[in-house]
Structures are given as C-alpha cells and as structure tokens.
Amino acid sequence: MGEELKDIKISVRNLVEFILQSGNLDNRGSRSEADAMQAGSRLHRKLQKQMGSNYSAEVPLSITVPITREDISLNLTVEGRADGIINNTVKENDFTPILFEEEEENIPEIIIDEIKGMYMDLSLLKEPIKVHRAQAMCYAYIYADRYDHKHIGIRMTYCNLETENLRYFEETLFFEVLKEWFDDLIGEYAKWAVWQIKWIKNRNKSIQAFEFPYPYRKGQKKLVAGVYRTILRDKNLFIEAPTGVGKTISTIFPSVKAMGENIAEKIFYLTAKTITRTVAEDTFRILRNEDVSFKVVTITAKEKICILDKPDCNPVSCERAKGHFDRVNDAVFDLLTNEDEINRDLIDLYASKHCVCPFEMSLDVTLWADAVICDYNYVFDPNVYLRRFFQNEKKNDYIFLIDEAHNMVERAREMYSAVLYKDSFLEVKKLVKDRSHNLTKKLDYCNKELLAYKRECDEFEVVDDIKGLAMGLMGLMTEYESFLSENVILEGKDQILNLYLEVRHFLNMYEFIDDDYCIYTDYDQGDHFRIKLQCMDPSRKLSKYLERAKSTVFFSATLLPIKYYKEQLGGKEEDYAVYAPTSFSTDNRLIMIANDVSTKYTRRNEKEYRKIVAYIKKFTDAKVGNYMVFFPSYAMLSQIAEMAEDLIEGIVVQSSSMTEEDRELFLEEFVANPSTNRIGFCVMGGIFSEGIDLTSDRLIGAIIVGTGLPMVCNERELFRGHFDEKNGMGFEYAYLYQGMNKVLQSAGRVIRTNEDRGTILLLDDRFTKKQYTNLFPMEWFPNKVVNINTMEKLLDDFWHGEEV
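Remember, it's a predicted structure, so these values are computed and weren't measured experimentally.

Our next topic: the overall build of the protein. When helices and strands are tallied, the protein shows 27 helices and 25 strands. Its C-alpha atoms give the protein a radius of gyration of 30 Å, near enough to 28 Å, the size a compact globule of 804 residues would have. Over its C-alpha atoms, taken along the principal directions, the protein stretches across nearly 100 × 75 × 50 Å. Burial analysis of the protein (804 residues in total) assigns 56% to the buried set. Long-range contacts, defined as pairs at least 24 residues apart, comprise 79% of the intrachain contacts of the protein with a sequence gap of at least 6. Counting only carbon and sulfur atoms, one obtains 46% of the accessible surface of the protein, whose full area is about 36200 Å².

Encoded structure:
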C-alpha cells in the first residue's frame, strides 16, 4: 500500500475494561474500587515481598499484533505489568503454593498472579470479577506465547485492604483456548483502532493546512509562538493576558497545531465556570469552520445532565442504568462516526437513542476525542479525576490549558482539604442502629472521639494528633463497606452515603498529610462542631498531577503577582512566565482612585457610607448609561443600597441566592443604547464580577468599593501564620493577593473590546499605597488620584472626548 505502518499502544487494563465491561451501572453496595486501586498498590508490594524466590513481581509483558482492515495496516501493542509470576520449576523450601486440587504433576509450571485490593467482605465474592480475570488471561497469553507454554495457570488474589484477609481463585488454561479468546478480544478492538488511525490521519492533514484565522493583535503572534515553543520543549507557561489579547485562541491554536505535528496526543481545556467553557467551545468551532477536523467533547456535571431529578445510578431507579455497559460502546461509536462538536445536547440525543447514561457516555467519549473541555476537578480532584487517563501517574503527551487560572489556588485548597461533622455520625447511627450492630458500634466510637475534641474546643482549636480518630475511621470504613454491600438502603440513603463519602475523602487526605496541612476543630455558623484537614499550600499536590502532562499553560487576565501563582500552582523554577501587553487603547479608559474614603473595618460607619453613596451618584450622573458597583460583602451592599434608595435611580441588586434564570434577568437589565441609568449593585468575587461580557454601552463604568480583602477569621489567620513562618508574607498570601484579584476581575468587566469606552473608580485610599499599586497591571497606568470634587471634571472631560 506504500503507507507507513501505524503503531498503537494500549494497556492490558484499558483493553479489557473497554471491551469486556458489561452489565448494569449500579451505585448500590461498594463504591470504593477507585480508592482500592490507590491503597492496593501498597498492598501489592507487601504481598509481593512475602513471596519466595520463585515469585517475580511487577513483570513487564507486551505483545505486538499486526492488524489489517479497511486498507489500514497497523501494529497494536498490548502492554502492562503482571503483578506476579510464580515459577513452579524453582524449588523453594519456604514457599510451596497450594493452588489446585489437581494431582501435583498437573500443576502448571507458570502461574500468573493478579492481585486486587478491595474494601468489601471477601466472603461475598463467589467468583473472580470478569475484567480482573481477563487481565490475568491477557498476561497468561502473552507469557505463554513468548515462552511456548502449552498450558499456564492464573490466580486471582483478592485482599481486604483493612483486614488483609486473602481469597484466591485459580485455574489452568490451555494455550489454544487463550489464543482464541485473545484473538477475539483484539478483533473487537480492531474496529476502534482502525477508525482512530483514519481519523488522526485526516485530522492532521487538515490541521497542517490551517493558519491563524484572524489578523494578529498587538503581541498576539509572540504569545502564540511562546505557547507552541512551551509545548515543544515539554515546559509549563504562566500567562498574564489582559482582556482583548485573545488568550483563548492564542492557546488553543498552537496546541492544535502541535497535535497536527504529532507532538501532542490530547488537549484538556480546564476551567471553573460555564461561561468560559462556552468561550472554549466557540473557539474550537472557529477552527472547524476553517475546515479543521477536530473532535471536542464537553463534560457536563452529572447533576446537570442526569435524566433524573437527582442522580441515582442503579437499574431499579433508572432504566438506562440497566444494561448500560452492554450498549454504551455502540452509542459512543455511533456518536464518534457522525459528530465532531460533541456538546451536551448531542450527548443527550445519542444517550437517549441508545438508552445509556449520558454522563458515563460522555466520559467514554473522552477516550477518543481530540480535546476535552471540563472543570478543573476532572484532572486535579482526588475524588473525581479521570482515572482512565491519569491512574498510572505516568507522563503522557497531553496538553493542559488552564483558563482563569487565578481560581485554581482556592479550588485546589478545597480539593485537598477534608471536613467531618460530629452530628453526621449521630444521624447515621440513628438510621442504622436496628440494621447493623457492628456499624453502629463503629459510628459510636468515632462520635466519642469527636466528642473528646469538642470538649477541648471553645471556639477554635488547632489539633496536633488525630491518630485515634483515624484508626476509628478506618475500622468504620470496613463495616460501612459490608453494610452497603449487604443492604438496600431506603430510609436516610443520602445521609448514609454522604457520610461514607466524607469519611473516605477524609482518610484519603489524612494518608498524605504533611507540613502543608493544618488540622483544626471549630463550629460552623449553625454551631455544628467539625474537624478539618486544611490544605494550606496545594503546590506539591498539584505538581504531581501536572507531571502527567507534556505541557501545561496557565492563563488569566489577573495572574498577578505571577511569582505567587507560579509557586502556589505547582510551577517550577524553570517554567516560563509571560506578561502579554493589552491591545486596547488607554485613551478609551479612565481609572481613578479616591483618596478620601475608606472601607477599613475601623472606619465603616454611616458617615463613610454616605460618602460612598455620594461618589456613586456623582460617578453615574456624569453620563447616562449602565454601571456596576462592586462591594466586598452582601452586608455592606445592603446597607448602602438602603441609603441610596431615595437618592439614586435605576439600582438593581444582586441577591445571594440567584438561580440561573435570575442571573439572566439581572443581566438583561443592562440594555444597549440606554435612555436611563441602570446601576447594578454586586458583590466582588460573585457571579457578576467574573466571566460576563457586557460589551459596548451595555456597561460603561465600574466602581470598586474596597480592596476585596477576605474577612478576618480563624482560618484566614491560620494561613497568615503558616506563610509568615514559611516566607514572611502571611498577609499577602492570606489576604492581599486574593483581595486584589477580586478587584482586578471586577474592574475587568468594563472594557471588553477595542471599541469599548469606560471608567473605573477605586473607592478606598489604600489603593494609593505602594503595597497595592505594585499589583496593578501595566494597563492601569496612568491613573488619576481624585477626591469627590476633582472627579467630576475628569469624568466630564473623558466623556466629552477631551484629553485627560
């Protein structure tokens, strides 16, 4: 045929799980197989060390199978590591495997040992799990084929991760049987491999012919080249790029070009908000409109895409859960061969057509898509990350594009922290006391441990040692697994399962606790006692996940100071950092700082608030239009809104419990070509301070009331103390940088395009201090320091076109 022979690699595990998984989706019973994988690796090593010299651990095995189909020739390499290989030709005095009830001469010379750690009661396991047995069979076939064995043994070794009790399943298989089974397995996978090769060939051809779709803006070509070089060199890049630079297309375009040159395998576009996911979808659509063949899937949260009012994934509650795995591969292949832009609506359509779970189907589609648009947690969260890509912790040719990266610090701290409420143990104890004596006993023990901590905690207490509680929680998990496996839960199902998941996460975080953590007890606003493992610095955790990618690009309009974000987000000394210049004219923006007003806690009084109201009125009276005023809290917003009610017309107020419909209605107030003022009172760090685009005259001014510093509280003071001790920058890390990021984001709502004109007023005299001006982006210079009297003239000159 003259074409280069293609090579495809797949792990033994991924192959058998993809082809052979069958039956129902079922959330009843054991839920901790993913955790068992992690804990099981330690158990593997322990069991392997106990074996004799005739036991070889972690043996690499691979086989390459030639495939020809549909004019495509390829080599498919199936590879992995067998947990153990027992060689019975080796005499070992202290190890005599008792594996079979057969005569000694029928015991196979070689036995493949597949070890699986589980939390469930092993007495309930009547036969090996199908995909586990299939893994052992793959390794058995590869070994027998390589070393010419007529028959070979397989052993499934199951171990309870808490009790370390063992259960074995053994059998001997003839090579002919294994070969027929393996050939069928490869045959099933071949159609997918052939489709993938044909798709990649067409995709790369279309990418190579594709050029940047727009004239480059100021600094944009340099930014695009920088992203491409970063990927080429397997580095990470931190980009501070103001609105208008075109950072989304400037990161996606070079990433796609890298894929077209086979430099990268897959793009993960990661973001925290729906609006930025939509921007990413729109950008990939631009590429497809330029005839680029590229498959993109967006993952929608299970709660949003589920066909039930509340997800309950089992065949009793959901018709699609019954037999889901029997149908899902056909659904995925149908979708892939007909669609490229795989959004929520298409997932819903094809999932309905094939009667499968739309969420689980979307996850399966990610294996074959060129790009995945999803929330940060699908890569970085220890509970929900996409194990199909990141389970083995090895580096892959993936590109991580992390949008609005300033959000990652707080999100990561949340991901790697854990909390338990004492009341939850009492609630679940009441629900299960008549159904499980053992579980009730374990819950009672944990409750008493927490009660002891509660008696020592008046308001807030840092705790040094929780080993007793941790041991109790470990014992609780074993009983919890048995209970969930043996019972169909009806009453109190949510409470029972929620506590189970909370304890599981708590133990997972406790296992890796180090000096990046602090343990404390306190009471929430409802006076409920809790204990928390607080991640103070997520950088080491994040860096482990970043190592799984070829290259990561962090970008945001507010990534200042870059050194701080680089450190907290797991960056390395050799990682690149770029400040992209704005493409907007400074003539279109007026930035003013009021030097005669303050929002310090010590100065929050009626007099100061009336001064703020006066500033708002004079600022918005200068020109009829749409404005937003951002406050540091709902409390201050409410107080000033009440004062301004009879003085300022056109105020609309953000509430703390807005639905999506409420948000849309709020934004619809800001119409184009307004004939009267519309003034939105909003909260810094809230839904309207980030990720919204009110272009042209839909927003012509923003007032930032205060510096956005978080409220002083025990947890913030913990952060302050931690970083004071670490680098002497406790105030900056705990308060200043987070506050200024809210300020920058809020102010960034005003100028969204080259044609926009607008004004920004910073209402706090602290903004004149060097500590704050050092954090201003370059495009915020020059700015004007004003008082309530001098501001009026500057506004009049700006809106009437005179030079300011």
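That shown, we press on.
Tracing the backbone shows Leu232 in helix 5 (residues 220–232). Sequence separation between Leu232 and Lys550 is 318 residues; the distance between their C-alpha atoms is 8.9 Å. Ignoring any residue separated from it by four or fewer positions in sequence, one finds Leu232 in contact with Ile263 and Lys550.

For the coordinates displayed, the defined rule picks out zero disulfides. Cysteine Cys535 remains unbridged, with the sulfur of Cys518 as its closest cysteine sulfur at 11 Å.

Okay, helix 22 (residues 634–644) next. Each α-helix turn comprises 3.6 residues. Residues three or four places apart therefore point the same way. Burial in helix 22 covers these residues: Met636, Leu637, Ile640, Ala641, Met643 and Ala644. Seen end-on, helix 22 carries its buried residues on one side only, within an arc spanning 160°. Structurally, helix 22 contributes buried residues whose contacts are with helix 21 (606–621), strand 20 (626–631), strand 21 (651–653), strand 22 (678–683) and strand 23 (701–705).

This part takes up the sheet that holds strand 13 (residues 418–421). Sheet architecture is open: four strands sit in the order 13-16-15-14, paired in antiparallel fashion. At either end of the open sheet lies a strand with only one pairing partner, and these are strand 13 and strand 14 (460–463). With strand direction ignored, the average angle separating the axes of adjacent strands in the sheet is 20°. Of the pairings in the sheet, the one linking strand 14 to strand 15 (residues 517–523) comprises four bridges and is antiparallel in character. When the sheet's bridge partners are listed, Glu461 is paired in strand 15 with Thr521.

On to helix 11 (residues 358–365). Burial runs high along helix 11: eight of the eight residues are buried. Taken together, the buried positions of helix 11 are Pro358, Phe359, Glu360, Met361, Ser362, Leu363, Asp364 and Val365.

Time to look at the pattern of salt bridges. Inspection of every chain in the model, using the stated rule, returns 38 salt bridges. A salt bridge links Asp537 to Lys726; the shortest N-O distance between them is 2.5 Å. You can see Asp537 sitting in the loop between strand 16 (529–535) and helix 19 (539–546) and its partner Lys726 sitting in helix 24 (residues 714–727), a full 189 residues away along the chain. Owing to a relative accessible area of 45%, Lys726 belongs among the partly exposed residues under this scheme.

This part takes up the packing of aromatic side chains. The relative placement of two aromatic rings is captured by the distance of their centres and the angle of their planes. Enumeration over the complete set of coordinates arrives at 47 aromatic pairs. Seen from their ring centres, Phe723 and Tyr733 are 4.7 Å apart, and the 45° between their planes marks the pair as tilted. Here Tyr733 lies in helix 25 (residues 730–747) and Phe723 lies in helix 24, a separation of 10 residues in the sequence. Each of the two residues, Phe723 as well as Tyr733, counts as buried. Pairwise contacts between aromatic rings join Phe268, Phe380, Tyr385, Phe389, Phe390, Tyr398, Phe400, Tyr416 and Tyr545 into one cluster. If you follow Lys191 out to its NZ or CZ, it ends over the ring of Phe333, 4.3 Å from the centre. Looking at Arg387, its charged tip hangs above the ring of Tyr385, at a distance of 4.4 Å from the centre.

Bringing unusual backbone geometry into the picture now. Here the amide bond leading from Leu560 into Pro561 is cis, since omega sits at -5°, within 30 degrees of zero. Mapped onto the secondary structure, Pro561 falls in the loop between strand 17 (551–556) and helix 20 (562–568). Here the amide bond leading from Phe781 into Pro782 is cis, since omega sits at 0°, within 30 degrees of zero. Take Pro782: it is sitting in the loop between helix 26 (770–773) and strand 25 (784–786). Although it is not a glycine, Glu70 sits at a positive phi angle of roughly 50°. Considering the arrangement of structural elements, one finds Glu70 in the loop between strand 2 (55–69) and strand 3 (72–87).

This part covers the environment of Gly739. For Gly739, the position within the fold is in helix 25. Classification of Gly739 as buried rests on a relative accessible area of 0%. In this structure the C-alpha to C-alpha distance between Gly739 and Asp397, which are 342 residues apart in sequence, comes to 36 Å. With near-sequence residues (within four places) excluded, Gly739 lies in contact with Thr707, Gly708, Leu709 and Pro710.

All right, on to the sheet that holds strand 12 (residues 398–402) then. The parallel open sheet is built from eight strands, whose spatial order is 10-9-11-8-12-17-7-18. Pairing within the sheet leaves two strands with one partner each, and these edge strands are strand 10 (341–342) and strand 18 (576–579). Looking at chain direction, strand 8 (residues 266–271) and strand 11 (residues 371–375) are connected through five bridges and run parallel. Within strand 11, the residue paired with Leu270 across the bridge is Cys374.

Take the nonpolar core next. Judged by nonpolar contacts, the single largest core of 193 residues is most densely connected at Phe380, Phe400 and Met628. No other element matches helix 4 (residues 175–208), which puts 13 residues into this core. When near neighbours in sequence (up to four residues on either side) are disregarded, Phe380 contacts Leu270, Tyr385, Phe400, Ile402, Met408, Met415, Tyr416, Leu542, Tyr545 and Leu546. With 35 residues, the next largest nonpolar core counts Ala594, Ala641, Met643 and Val683 among its residues.

Now for a negative patch on the surface. A surface patch of like charges, here negative, comprises Glu456, Asp458, Glu459 and Glu461. Its place among the elements puts Glu459 in the loop between helix 16 (437–455) and strand 14. Judged by relative accessible area, which is 56%, Glu459 ranks as exposed.

Structurally, Asn588 can be placed in the loop between strand 18 and strand 19 (589–594). Not counting residues within four places of it along the chain, the set of residues in contact with Asn588 comprises Ile751, Asn754, Asp756, Arg757, Gly758 and Phe798.

This next bit is on the packing of helix 21 against helix 27 (residues 790–799). The angle between the axes and the distance between the axes are what describe a pair of packed helices. Taken N-terminus to C-terminus, the directions of helix 21 and helix 27 make an angle of 20°; their axes are 9 Å apart at the nearest point. Of the possible angle classes, the one that applies to helix 21 and helix 27 is roughly parallel. Where helix 21 crosses over helix 27, the handedness of that crossing is right-handed. On helix 27, the residues touching Tyr615, Lys618 and Phe619 of helix 21 are Met791, Glu792 and Leu795. Across the contact of helix 21 with helix 27, the residue classes tally to four nonpolar, no polar and two charged.

Structurally, the position occupied by Asp756 is in the loop between helix 25 and strand 24 (758–763). Notably, Asp756 is buried but unbridged: the nearest opposite-charge side chain belongs to Arg752, and the N-O separation is 6.4 Å. Here the side chain of Asp756 touches Ser696 through a polar contact of 2.8 Å, landing on its backbone nitrogen. Among the polar contacts listed, one links the side chain of Asp756 to the side chain of Thr753, at a separation of 2.8 Å. Those residues in contact with Asp756 that sit more than four places away from it in its chain are Asn588, Thr695, Ser696, Val750 and Ile751.

Here is what the cut-offs are and how they apply
Residues numbered from 1 in each chain as written. Predicted model: local features only at pLDDT ≥ 70, side-chain atom pairs only at ≥ 80, totals over all residues. Heavy atoms only, no water. Helix = DSSP H or I, 4+ residues; strand = E, 2+ residues; numbered from the N terminus. Rg over C-alpha atoms; globule rule 2.2 N^0.38 Å. Buried < 20%, exposed > 50% of the residue type's maximum accessible area, 1.4 Å probe, protein only. Contact = heavy atoms within 4.5 Å. Areas by Shrake-Rupley, 256 points an atom, 1.4 Å probe, with all protein chains shown as cover. Disulfide = S-S within 2.5 Å. Arc of directions from axis to C-beta. Pairing = 2+ DSSP bridges. Axes fitted to C-alpha atoms, helices over the stretch in contact; angles between N-to-C directions. Salt bridge = Lys/Arg side-chain N within 4 Å of Asp/Glu carboxyl O. Phe/Tyr/Trp six-rings, centres within 6.5 Å; stacked < 30°, edge-to-face > 60°. Lys NZ or Arg CZ within 6 Å of the ring centre and 35° of its normal. Core = buried A, V, L, I, M, F, W, Y, C linked by side-chain atoms within 4.5 Å. Patch = residues over 30% accessible without salt bridge, like charges linked within 9 Å, V, L, I, M, F, W, Y side chains within 5 Å. Lys, Arg positive; Asp, Glu negative; His and termini not counted. Charge placed at Lys NZ, Arg CZ, Asp CG, Glu CD. Parallel < 35°, antiparallel > 145°, perpendicular 65-115°, else oblique. Left-handed = near helix turned anticlockwise from the far one by under 90°. Nonpolar A, V, L, I, M, F, W, Y, C, P; charged D, E, K, R; others polar. Polar contact = N/O pair within 3.5 Å; in protein donor to acceptor, adjacent residues only side chain to side chain.

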